[in-house]
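# Survey of secondary and tertiary structure
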Amino acid sequence: MYPALLVDVTIFVLALWVGFEVISKVPATLHTPLMSAANSIHGIVLAGAMLIAVTAHNALGYVIAFVAAAFAAANVVGGYVVTGRMLKMFRRRPDVPTATVPPATAPSNGSTHKGPSA
Amino acid sequence: MSTFEWVIQLVYVLAASCFVLGLHMMNNPATARRGNQVSTAGMGTAIAATLAIVIHDGGITATGWAVMIAGAAVGGALGLYSARTVQMTAMPQLVSMFNAVGGGAAALVGVHDYMSAGSTVSASTSVTTLLDVIIGAVTFSGSIIAAGKLQGVINSAPVTFPGARLVNLLLAAVAIGLGAYLIAAPNAALLSIVIVAALVFGVSMVMPIGGADMPVVISLLNAFTGTAVAMAGFVIGNWALIIAGALVGASGGILTKLMADAMNRSIRNIIVGGFGTGDAAAAVVAGPGGSVRSIAADDAAIQLAYASKVIIVPGYGLAAAQAQHEVAALADVLESRGIDVSYAIHPVAGRMPGHMNVLLAEANVPYPQLKEMDDVNPEFARTDVALVIGANDVTNPAARRPGTAISGMPILDVDQAKSIIVIKRSMGHGYAGIDNELYVDPKTSMYFADAKRALSEMTAAVKTLVGT
């Protein structure tokens, strides 16, 4: 009855199964970066936000498009950056303990405290 | 279908493949970083394709361009700033905020589509639009409350009032009932009532959930966001959104299940009531009596320095005291004496799935030393000293007996080690509100201090003892 919807539902369900298969193999050690990576992937909603800017033709439409674009961009940029920052810390061996501490993991980098505002 | 549309669809398929491949590469810490880069490349490709659509369509006004670019610039800058500066202990709040904005953006896509379509919209589109708006709005407000609780801005204890459950049911009924009505008779004004009901429902859903349940809540809201984004994909007919949303929904779903299992609680149980508010807490079986033995830094140092195998059991107390660098320093000293040191990490040790691993990785602990519960439990019997730092309920042997608030919860078998040292500020209870039988075990010594100070003192004592 609704062929387009039917195709969409098929894609959705199959992607769900692929997701279950792939993600169940991620070790517990990486669960936080995994969730953060998943977070950045749902930043694809930025594509949706861009497309509604096309059909926006009144003030309310522009406001919605602006907020949606801001939300989605924060999501996608922040998600990828923070995931990369976390994954950089996971190493098999500390590289020459005490001598060279990479800047991103130096104990003192906590000085710039920042809450989760966005 | 034009050549342009063909190319765009194929590019979206490429982007979706990058997402799947990126997630696949996260199955090993060695390839995970590359996986994130693959996923980022996929995202860049998808955004570029979408930009091509916007240009090709030509319908966008100058204001539309300005709004889109300004919004993306403001949001991108905020996202970049918070991602660069956030402390690892505050990661759950940040992830929760990303859930909020993702869900919010998805809801707005639905709202815009609903309003611009007017009464010409077909029933099938309406269903997905309303699902998108409702799920997105619930995720938005719920995630903000969760982030507030994690940050300590909002009371992290379960906040509840008489009739709260009834109010929740009522809100859900309004959102879904009115939503169903709107499918039959599109009405932009009534949609705002649906949005408000969904937003309030998000707040009232998360408020009664206690701090210890946060790993489950964040995972669940993550799944919600994914679903909302997939629904937004249905609304605007974009497969990239549908596939990405489904992947995130699957990820959030799996993590929710894992976290709930690790606490031996059903998801329904967590959503409906806070910890210790049920009847189980009243039925606490009195644990075996016994006295608590405390220990000085010197004695703890002797035990640690002459052990051959030490397992460190970090809990949220370690993160709260920001002592991950101190514990890594102690482990370094012990390792330099040839002692086998590893970390036993319970799935709910932090405030989100895998949080403790990130904190220890930040302190330069190599990931092969971080062991999951099922792998490490058989090792406790061969362990000379188990050093428990700020972990409580997940080490309580009472979980093995029926009739306690934590019965059936999988625990770390710390009590099987030859000797146990517990660093704790006081004899206070964990979230379950019951005595920990481990503390009165004759093999256990208690070291009453803040985790950071205790670990520095122990490290100094070990160094003095072995003369380094």
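This structure is a prediction, so every number in the text was calculated from the model and none was measured.

Definitions and limits used
- Residues numbered from 1 in each chain as written.
- Chains lettered and ligands numbered in written order.
- Predicted model: local features only at pLDDT ≥ 70, side-chain atom pairs only at ≥ 80, totals over all residues.
- Helix = DSSP H or I, 4+ residues; strand = E, 2+ residues; numbered from the N terminus.
- Buried ≥ 20, exposed ≤ 12 C-beta atoms within 10 Å, placed from the backbone.
- Contact = placed C-beta atoms within 7 Å.
- Nonpolar A, V, L, I, M, F, W, Y, C, P; charged D, E, K, R; others polar.
- Axes fitted to C-alpha atoms, helices over the stretch in contact; angles between N-to-C directions.
- Left-handed = near helix turned anticlockwise from the far one by under 90°.
- Expected span 1.5 Å × (residues − 1).
- Arc of directions from axis to C-beta.
- Parallel < 35°, antiparallel > 145°, perpendicular 65-115°, else oblique.
- pLDDT = per-residue confidence, 0-100.
- Pairing = 2+ DSSP bridges.
- Core = buried A, V, L, I, M, F, W, Y, C linked by C-beta atoms within 7 Å.
- Domains from an automatic or database assignment.

### Quick word on the overall build of chain A
Of the regular secondary structure elements, chain A holds 4 helices and 0 strands. Each helix and strand of chain A, placed in order from N terminus to C terminus, yields the pattern α-α-α-α. A total of 118 residues make up chain A; the buried ones form 54% of that total. In chain A, once contacts between residues fewer than 6 apart in sequence are set aside, the share between residues at least 24 apart is 60%.

### Some points on the overall build of chain B
Of the regular secondary structure elements, chain B holds 16 helices and 6 strands. A principal-axis box enclosing the C-alpha atoms of chain B has dimensions of 80 × 50 × 35 Å. Put simply, chain B has 468 residues, and 55% of those count as buried. Considering only contacts within chain B whose residues lie at least 6 apart along the sequence, 80% involve residues at least 24 apart.

### Observations concerning the interface of chain A and chain B
Across the contact, 91 residues belong to chain A and 108 residues belong to chain B. Elements that contribute at least two residues to the side of chain A that touches chain B include exactly α1 (3-23), α2 (31-41), α3 (45-55) and α4 (59-89) of chain A. No other element matches the 28 residues that α4 of chain A contributes to the side of chain A that touches chain B. Per-class residue counts for the side of chain A that touches chain B are 58 nonpolar, 25 polar and 8 charged.

### Observations concerning the packing of α3 of chain A against helix α8 (residues 214-236) of chain B
Viewed as axis vectors pointing N to C, α3 of chain A and α8 of chain B meet at an angle of 35°, and their least axial separation amounts to 10 Å. You can see that α3 of chain A and α8 of chain B cross each other, and the crossing is left-handed. Contacts from Val45, Gly48 and Leu51 of chain A of α3 of chain A reach α8 of chain B at Val229, Ala232 and Ile236 of chain B.

### A closer look at α1 of chain A
Helical periodicity: at 3.6 residues per turn, an α-helix aligns residues three or four positions apart in one direction. Between its first and last C-alpha, α1 of chain A extends 30 Å over 21 residues, near the 30 Å set by a 1.5 Å rise per residue. Listed in full, the buried residues belonging to α1 of chain A are Asp8, Phe12, Ala15, Leu16, Gly19, Val22 and Ile23 of chain A. Down the axis, α1 of chain A shows its buried residues gathered within 135° of arc, on one side only. Turned more than 90 degrees off the buried face of α1 of chain A, the exposed positions are Pro3, Leu6, Thr10, Val13, Leu14 and Trp17 of chain A. Buried residues in α1 of chain A make contact with α2 of chain A together with α1 (3-24), α8 and α9 (239-262) of chain B.

### Considerations on the packing of helix α4 (residues 91-117) of chain B against α8 of chain B
Each packed pair of helices is defined by two parameters, the angle between the axes and the distance between the axes. Residue and element names in this part refer to chain B. Interaxial distance between α4 and α8 falls to 9 Å at its minimum, and their mutual angle equals 25°. Overall, the two elements α4 and α8 adopt an arrangement that is roughly parallel. Remark: the crossing between α4 and α8 carries left-handed chirality. Contacts between α4 and α8 involve Pro92, Val95, Ser96, Asn99, Gly102, Gly103, Ala106, Ala107, Val109, Gly110 and Asp113 from the first element and Met214, Ile218, Leu221, Asn222, Phe224, Thr225, Ala228, Val229, Met231, Ala232, Val235 and Ile236 from the second. Residues that form the contact of α4 with α8 fall into these classes: 15 nonpolar, 7 polar and 1 charged.

### Re the confidence of the model for chain B
Residue and element names in this part refer to chain B. Model confidence for chain B is summarised by a mean pLDDT of 89, while 95% of its residues fall at 70 or above. Every residue in residues 274-288 scores below 50 in pLDDT, and together they form 31 contacts with partners more than four places removed in sequence or on other chains. Two summary scores accompany this predicted model of the complex, namely pTM at 0.88 and ipTM at 0.89.

### Topic: the pairing of strand β2 (residues 340-345) of chain B
Two faces make up the sheet, and in a regular strand the side chains alternate between them. Residue and element names in this part refer to chain B. Looking at chain direction, strand β1 (residues 309-314) and β2 are connected through 4 bridges and run parallel. Note on β2: the bridge partner recorded for Ile311 is Ser342. Relative to strand β3 (residues 370-372), β2 runs parallel, the two sharing 3 bridges. In the strand pairing of β3, Tyr343 is matched with Leu370.

### Let's talk about the sheet that holds β3 of chain B
Residues and elements named next belong to chain B. If you trace the 6 strands from one edge of the open sheet to the other, you get β3-β2-β1-β4-β5-β6, paired in parallel fashion. Strands with a single pairing partner mark the edges of an open sheet, and in this sheet they are β3 and β6 (444-448). The sheet shows a mean angle of 25° between the axes of neighbouring strands, direction not considered. Its contacts with the sheet put helix α11 (residues 297-305) on β1, β4 (385-389), β5 (419-424) and β6, and the angle it makes with β5 is roughly 135°. Against the sheet, helix α13 (residues 324-336) makes contact with β1, β2 and β4, and its axis sits at roughly 175° relative to β1, the strand it touches most.

### Section: the environment of Val101 of chain B
Among the secondary structure elements, Val101 of chain B is positioned in helix α4. Accessibility expressed as a C-beta count within 10 Å gives 33 for Val101 of chain B, which makes it buried.

### Some details on the nonpolar core
Nonpolar side chains in soluble globular proteins generally cluster together in the buried interior. Residues Val45, Ala65 and Ala69 of chain A together with Leu247 of chain B are the most contacted members of the largest nonpolar core, which totals 212 residues. Element by element, the count of residues in this core is highest for α4 of chain A, at 19 residues. Counting contributing residues, this core receives three or more from each of domain 1 (3-272) and domain 2 (284-466) of chain B. If sequence neighbours within four positions are ignored, Leu247 of chain B has contacts with Ala15, Gly19, Ala38 and Ile41 of chain A together with Phe19, Val20 and Leu23 of chain B.

### Quick look at the confidence of the model for chain A
Predicted confidence across chain A gives a mean pLDDT of 83, with 77% of residues reaching 70 or more. Contacts for the low-pLDDT stretch residues 96-118 of chain A, under 50 throughout, to residues beyond four places or in other chains number 37 contacts.

### Quick notes on the domain arrangement of chain B
Residues and elements named next belong to chain B. According to the domain assignment, chain B contains domain 1 (3-272) and domain 2 (284-466). Distance between the C-alpha centres of domain 1 and domain 2: 37 Å. Contact with domain 1, which involves 19 residues of that partner, is made by 17 residues of domain 2. At the level of elements, α4, α8 and α9 are the ones that each hand at least two residues to the side of domain 1 that touches domain 2. Within the side of domain 1 that touches domain 2, the residues separate by chemical class into 15 nonpolar, 4 polar and no charged.

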